[in-house]
Amino acid sequence: MSLRIALAGNPNSGKTTVFNLLTGATQYVGNWPGVTVEKKEGALKNRPDVLLEDLPGIYSLSPYSPEEIVSRDYLLSSAPNMILNIVDASNLERNLYLTTQLAELGLPMLVALNMSDVVHKRGDAIDVAKLSQLLKLPVVEISALHDEGVREAVEQAIHLAENGEWSEPPCVFSGSLEHALAHIEDMLHHIFEDEKHGEDHHHVHRHHSRDGGLAVDIPEQQLRWYALRLFERDPHVCRQMALDEPTQARVEMLISAAEQAEDEDAEALLIRERYDYVERLTAACLVHSGKRKSAELLDRLLVNRWAALPIFALVMFAVYYVSISGLGGLLSDWATDTLFGALIPNAVSSWLAALQVSDWLIALIVDGIIAGVGAVLGFLPQLAILFLCLALLEDCGYMARIAFILDRIFRRFGLSGKSFIPMLIATGCAVPGIMASRTIENDKDRRMTVITASFMPCGAKLPLIGLIAGALFGGSALIAASAYVIGASSVLVSGLMLKKTRRFACSATPFIMELPDYHLPNLRNVLLQAWDRCKAFIKKAGTIILLASMLIWLLSNFNWRLQMSPADASMLASLGNLLAPLFAPLGWGSWQAAVATIAGLTAKEAIVGTMGVLYGVELVSETGMEMWSNFAAAFTPLGAYSFLLFNLLCVPCFAAVGAIRREMDSARWTLTALGYQACFAYGVSLCVYQLGRFLGGHGFNFGSAAAMLIVAIFLYLLLRKQRYQCEFAAACNPQGCAK
Ligand code: GDP
């Protein structure tokens, strides 16, 4: 009889290396039926009767990706004699997640801790005996790269396969969950007729579906696997098992009880407890060297469930303090007021006047280009310092921890754990952020991420944040930090609201990431990264902002008869005046603000550029100080804050809209996204302005009433009951779900 051994493990755990070592040249490479996932198999070099089958690299057995589905179907239906689980021991915690799932399949299994050379080199050690005891599985250490222990491991695997003994699954879940699972398992035991399956000595539970046909064969050792799938309302398994309605109702009752007890939905509950188990397992079996110990202590603080967020908030506040109020603020003030406000324009205008250039051209260059581009470039020092701080945080390993913390929060808000990477990237620029959402397999999660990613304040919005904070709030770092808080909250609030609508109702995809080691930042890397971002900013100032500033200047200095005219009678003013009433309820109904908002669609820096052209010009005095005081006089602080919020949250720049269109691949979804963003921004700004006015003692009026109504609508959308379940639940739930 020939034996089949399945190689399973995370991507990059070393499966290919093991496979090549054991099979040599006898490999066959093809595709799994129906999908483009590669399938490799080969006979062992010295045992042609043993076939090694290499499964695709996967992180879990949840049906989220083709690789996961292929592996899961194969292990369940083709029942190999043995699973050889290759674990990257240098990333033990991440890898053991899959191990616990594989162990539930009811197949004989051997865990091979690969890369043990890396573990030893770090000075760490793994207590193999303890791990084996806790997992209830045989565990061995190997190093595929150095060909150490691999052959012994496969010998042991063959031995186990020949005996065909399957082991008990490890105790992964907590008491109340195990209780519910045991009940479901028990129910499966009872409702299925016990049958001897031919010559085979395995017990097979065969369940007859309601129409009398055979629904599914379940070997006894797989009952737990099926109970777990029922518990997480797995749609495939629910359909496959076709339980009768009373049984479905009983299962649903058990699930709901557990969900209520733990205040978490069933699937998330299983995922969380599995994480917790793997964390405990790793802590019990991995013995760290001293250096790793201090890193672990640090992690205990920085990634702590309670302390992590306040620490993160403090760190970010410090970063904004240094870049917006502190050194960055000082340098930017100098650049705006002195360099671009006096030195350069004065020098250029006298030089151009000496060359006898006509007045209007001087005005275009000085009041249009220099004022517009200068207004934007004036914020470069603030940006440079911010980029530098962020690069430092990233290089020393803290950013990955932030990602980890945010991931945990995102999942709680029903957003895919994978969304936070696009969000993190979007704080640099929304375009790559939106593109990064491609890694999310679930359509609903991906669309939601595309819609909300641009709420994060990108680098281009920073000049606007700096302008409002500087001109109206005395350079307050709080205003700057609040922009990030509002951006991130908007993502979360939208996540909650959208998840309750039919189009987005579905549970979030789990995501597993590893935390990199801490290390001292490499100065060269940090500088390079900060410089790269600054370069992009400068390039934009020299291209899009330059053109936009020229256009704004021309439109604001000529009337429709193409004669020079005061700004208030210009083409731009008449266009802006058309739109201004729309924004008046938000507290900034001037034509200049309306025009700047529209200009911001070309690039968000253009808002500041436009303001520079429209407000900065007349102020370039002899001393050049206080370039933005005209701007400050045109707004109330509350109105300015509302202006900031609207421009942070509303439709992003054209480049990002293009990215949304590409990722959505549908005009309707693109319009939905843009419409949602515009409405959300309008609603938030209106509420902030009108309620702020009311609370500031300016009396109750129609605007305050409208704002209260909007708040009520937001609250309703947030707090209403989840009416739509994802189709996963619907397949299991006898009551079905509202289609
Ligand atoms: P797969 O994605 O699981 O097939 O992983 P690969 O076999 O391609 O291995 C991923 C990387 O890990 C390759 O660069 C291997 O050379 C390396 N690798 C595999 N096994 C070991 C090992 O035992 N020790 C070390 N240091 N590296 C290994």
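Residues numbered from 1 in each chain as written. Predicted model: local features only at pLDDT ≥ 70, side-chain atom pairs only at ≥ 80, totals over all residues. Heavy atoms only, no water.

**Quick notes on the overall build of the protein chain**
Helix and strand counts for the protein chain stand at 33 helices and 12 strands. A total of 739 residues make up the protein chain; the buried ones form 54% of that total. Taking the contacts inside the protein chain whose residues are at least 6 apart along the sequence as the reference set, 71% of them involve residues at least 24 apart. When the accessible surface of the protein chain is split by element, carbon and sulfur atoms take 62% of a total near 32,200 Å². (Helix = DSSP H or I, 4+ residues; strand = E, 2+ residues; numbered from the N terminus. Buried < 20%, exposed > 50% of the residue type's maximum accessible area, 1.4 Å probe, protein only. Contact = heavy atoms within 4.5 Å. Areas by Shrake-Rupley, 256 points an atom, 1.4 Å probe, with all protein chains shown as cover.)

**Focus on the packing of aromatic side chains**
Scanning the model with the defined rule gives 20 aromatic pairs in all. Between phenylalanine 504 and tryptophan 669, the ring centres sit 5.7 Å apart and the planes meet at 75°, which makes this aromatic pair edge-to-face. In this pair, phenylalanine 504 is assigned in the loop between α22 (477–499) and α23 (523–542) and tryptophan 669 in helix α31 (residues 667–695), connecting sequence segments 165 residues apart. Summarising the burial analysis for this pair, phenylalanine 504 and tryptophan 669 share the class buried. Ring centres of phenylalanine 583 and phenylalanine 646 lie 5.5 Å apart, and the angle between their planes is 65°; on these two criteria the pair is classed as edge-to-face. With phenylalanine 583 in helix α25 (residues 571–583) and phenylalanine 646 in helix α29 (residues 637–649), this residue pair connects regions lying 63 residues apart in the sequence. Neither residue differs from the other here; phenylalanine 583 and phenylalanine 646 are each classed as buried. (Phe/Tyr/Trp six-rings, centres within 6.5 Å; stacked < 30°, edge-to-face > 60°.)

**What to know about the site of the ligand**
Taken together, 15 residues surround the ligand, and among them Asn12, Lys15, Thr16, Thr17 and Asp117 come closest. Within the side chain of serine 143, a nitrogen or oxygen atom sits 3.1 Å from an oxygen atom of the ligand. At 3.3 Å, a backbone N or O of leucine 145 approaches an oxygen atom of the ligand. For the ligand, the accessible surface in isolation is 580 Å², of which the surrounding protein chains cover 71%. For the shell around the ligand, the secondary structure elements donating two or more residues are α1 (15–23) and α4 (116–121). If one sorts the elements of the shell around the ligand by residue count, α1 sits on top with three residues. Here the shell around the ligand is composed, by residue class, of five nonpolar, eight polar and two charged. (Near = heavy atom within 4 Å. Polar contact = N/O pair within 3.5 Å; in protein donor to acceptor, adjacent residues only side chain to side chain. Nonpolar A, V, L, I, M, F, W, Y, C, P; charged D, E, K, R; others polar.)

**Examining helix α3 (residues 92–102)**
Burial analysis of α3 places 10 of its 11 residues in the buried class, the great majority of the element. Taken together, the buried positions of α3 are Leu92, Arg94, Asn95, Leu96, Tyr97, Leu98, Thr99, Thr100, Gln101 and Leu102.

**Some points on the pairing of strand β3 (residues 38–43)**
With five of six residues buried, β3 is to be regarded as a mostly interior element. Inspection of the sheet shows β3 paired to strand β4 (residues 50–54) by four bridges, in the antiparallel sense. Note that in β4 the partner of glycine 42 across the bridge is leucine 52. Count of turn residues in the β3/β4 antiparallel hairpin: six residues. (Pairing = 2+ DSSP bridges.)

**Describing the nonpolar core**
Of all hydrophobic cores here, the largest spans 121 residues; its most connected members are Met611, Phe631, Phe635 and Phe643. When near neighbours in sequence (up to four residues on either side) are disregarded, phenylalanine 631 contacts Leu467, Ile468, Ala471, Leu472, Met611 and Tyr615. Listed in part, the 59 residues of the second largest apolar core include Leu75, Ile83, Leu188 and Leu223. (Core = buried A, V, L, I, M, F, W, Y, C linked by side-chain atoms within 4.5 Å.)

**Overview of the environment of phenylalanine 19**
Turning to its location among the elements, phenylalanine 19 is positioned in helix α1. Residue phenylalanine 19 is classed as buried on the basis of its relative accessible area of 0%. Sequence spacing of phenylalanine 19 and alanine 43 is 24 residues, and the spatial spacing of their C-alpha atoms is 9.8 Å.

**Structural notes on the confidence of the model for the protein chain**
For the protein chain, per-residue confidence averages 84 on the pLDDT scale, and residues scoring 70 or more make up 88% of the total. For the stretch residues 208–214, pLDDT sits under 50, and the model shows 14 contacts to residues farther than four places along the chain or on other chains. Confidence drops under a pLDDT of 50 for residues 619–625, and excluding neighbours within four residues, the segment shows 18 contacts in the predicted structure. (pLDDT = per-residue confidence, 0-100.)

**As for unusual backbone geometry**
Not every positive phi belongs to a glycine, and aspartate 263 is a case in point at roughly 55°. The residue aspartate 665 is not glycine, and still its phi comes out positive at about 55°. Within the secondary structure layout, aspartate 665 lies in the loop between α30 (654–664) and α31.

**What to know about the pattern of salt bridges**
In this structure the tally under the stated criterion is 20 salt bridges. The partner of arginine 272 in a salt bridge is glutamate 262, with the nearest N and O atoms 3.7 Å apart. With arginine 272 in helix α11 (residues 266–285) and glutamate 262 in helix α10 (residues 245–262), this pair connects stretches of sequence that are 10 residues apart. Overall, arginine 272 belongs to the partly exposed group, its relative accessible area being 24%. Through salt bridges with shared partners, a single network forms among Glu262, Glu264, Arg272 and Asp276. (Salt bridge = Lys/Arg side-chain N within 4 Å of Asp/Glu carboxyl O.)

**Quick notes on the environment of cysteine 429**
Within the element layout of this structure, cysteine 429 appears in the loop between α18 (420–426) and α19 (430–436). Relative accessible area serves as the criterion here: at 32%, cysteine 429 is assigned to the partly exposed category. In the structure, cysteine 429 is positioned 31 residues away from alanine 460 in sequence and 7.4 Å away in space, judged by C-alpha atoms.

**Quick word on the packing of helix α21 (residues 462–473) against α29**
Running from amino to carboxyl end, α21 crosses α29 at an angle of 175°, the nearest separation of the two axes being 10 Å. Of the possible angle classes, the one that applies to α21 and α29 is roughly antiparallel. Together, Leu464, Ile465, Ile468, Leu472 and Phe473 of α21 and Pro637, Ala640, Tyr641, Phe643, Leu644, Asn647 and Leu648 of α29 make up the contact between the two elements. Split into classes, the residues belonging to the contact of α21 with α29 amount to 11 nonpolar, one polar and no charged. (Axes fitted to C-alpha atoms, helices over the stretch in contact; angles between N-to-C directions. Parallel < 35°, antiparallel > 145°, perpendicular 65-115°, else oblique.)

**Concerning α30**
Regarding α30, the residues found buried are Ala656, Val657, Ala659, Ile660, Glu663 and Met664. Down the axis of α30, the buried side of the element spans an arc of 155°, and every buried residue falls inside it. Buried residues belonging to α30 abut α19, α20 (443–453) and α31. Downstream of α30 by one or two residues, aspartate 665 has phi in the positive range, about 55°. (Arc of directions from axis to C-beta.)

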